[in-house]
Amino acid sequence: GATKVAAEAEEEGEEERARYAAVVAIVAPVAVGACNTSPAFRSDPLVTQYWKQLYGPSVSSDQQAAEALSPLHRLDELDPSVKLLLVHGERDPRVPREHGD
């Protein structure tokens, strides 16, 4: 996916970043670990375990580490020329509505 394309560009020494025309995110959490205030996530031990395995143990408890990985806290890095579509349901228990607003 996108990570592989970016990694290959970096390995080949290309200075220009990988470019995309559009991004679609379906039910995508915008805040992970300690940044995510959703009760659906905060009270679920399986989600905490998943975050620890995927992102490392500090993301579940360290606000700074979680912010470094959370898209919500990296909006200034978005390329304004790339179209972004966020899709999720109003009553989705996994992602709070405010994450898609």
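Residues numbered from 1 in each chain as written. Predicted model: local features only at pLDDT ≥ 70, side-chain atom pairs only at ≥ 80, totals over all residues. Heavy atoms only, no water.

## A short note on the nonpolar core
Put simply, the rule reads: Each nonpolar core is a collection of buried residues, namely Ala, Val, Leu, Ile, Met, Phe, Trp, Tyr and Cys, held together in the definition by side-chain atoms within 4.5 Å. Burial status follows relative accessibility: with a 1.4 Å probe on protein chains alone, a residue under 20% of its type maximum counts as buried, one over 50% as exposed, and anything between as partly exposed. Throughout, a contact is declared for two residues whenever any of their heavy atoms are within 4.5 Å.
In this structure, A31, V32, A34, C35, V47, W51, V59 and A66 together form the largest nonpolar core, which totals eight residues. Beyond its immediate chain neighbours, meaning those up to four positions away, C35 contacts Q63, A66, E67, S70 and H73.

## With respect to the side chain of S70
Rules: Under the DSSP-based scheme used, a helix requires at least four consecutive residues in state H or I and a strand at least two consecutive residues in state E, with every element numbered from the N terminus. Under this definition, polar contacts are N or O atom pairs within 3.5 Å; protein pairs additionally need one hydrogen-donor-capable and one acceptor-capable atom, and for neighbouring residues in sequence, both atoms have to be side-chain atoms.
Along the polypeptide, S70 turns up in the loop between α5 (63-69) and β2 (83-87). At 2.9 Å, the side chain of S70 forms a polar contact with the backbone nitrogen of V32. A distance of 2.7 Å separates a polar side-chain atom of S70 from the backbone oxygen of A66.

## Overview of a nonpolar patch on the surface
What counts is decided by this rule: Patches draw on residues past 30% relative accessible area with no salt bridge. Two like charges within 9 Å are joined, as are two nonpolar side chains (Val, Leu, Ile, Met, Phe, Trp, Tyr) within 5 Å. Here the open area of atoms and residues is found with the Shrake-Rupley method and a 1.4 Å probe, where only the protein chains shown may cover a residue. The rule for a salt bridge is simple: a side-chain nitrogen of Lys or Arg has to be within 4 Å of a carboxyl oxygen of Asp or Glu.
A surface patch of nonpolar side chains, about 620 Å² in accessible area, is lined by Y20, V23, L72, L75, L78, L84 and L86. Within the secondary structure, Y20 sits in the loop between α1 (2-11) and β1 (22-26). The class for Y20 is partly exposed, based on a relative accessible area of 36%.

## Re the environment of Q49
With respect to the secondary-structure elements, Q49 resides in helix α3 (residues 45-55). For the pair Q49 and S60, spaced eleven residues apart in sequence, the C-alpha to C-alpha distance is 8.6 Å.

## What to know about the confidence of the model for the protein chain
Rules: The quantity known as pLDDT measures the predictor's confidence residue by residue, on a range of 0 to 100.
Looking at the protein chain, the pLDDT average stands at 74 and 70% of residues meet or exceed 70. Within the protein chain, α5 carries the highest mean pLDDT (89), whereas α1 carries the lowest (51). Ignoring residues within four places in sequence, the model shows residues 1-5, a span with pLDDT below 50, making three contacts including any to other chains.

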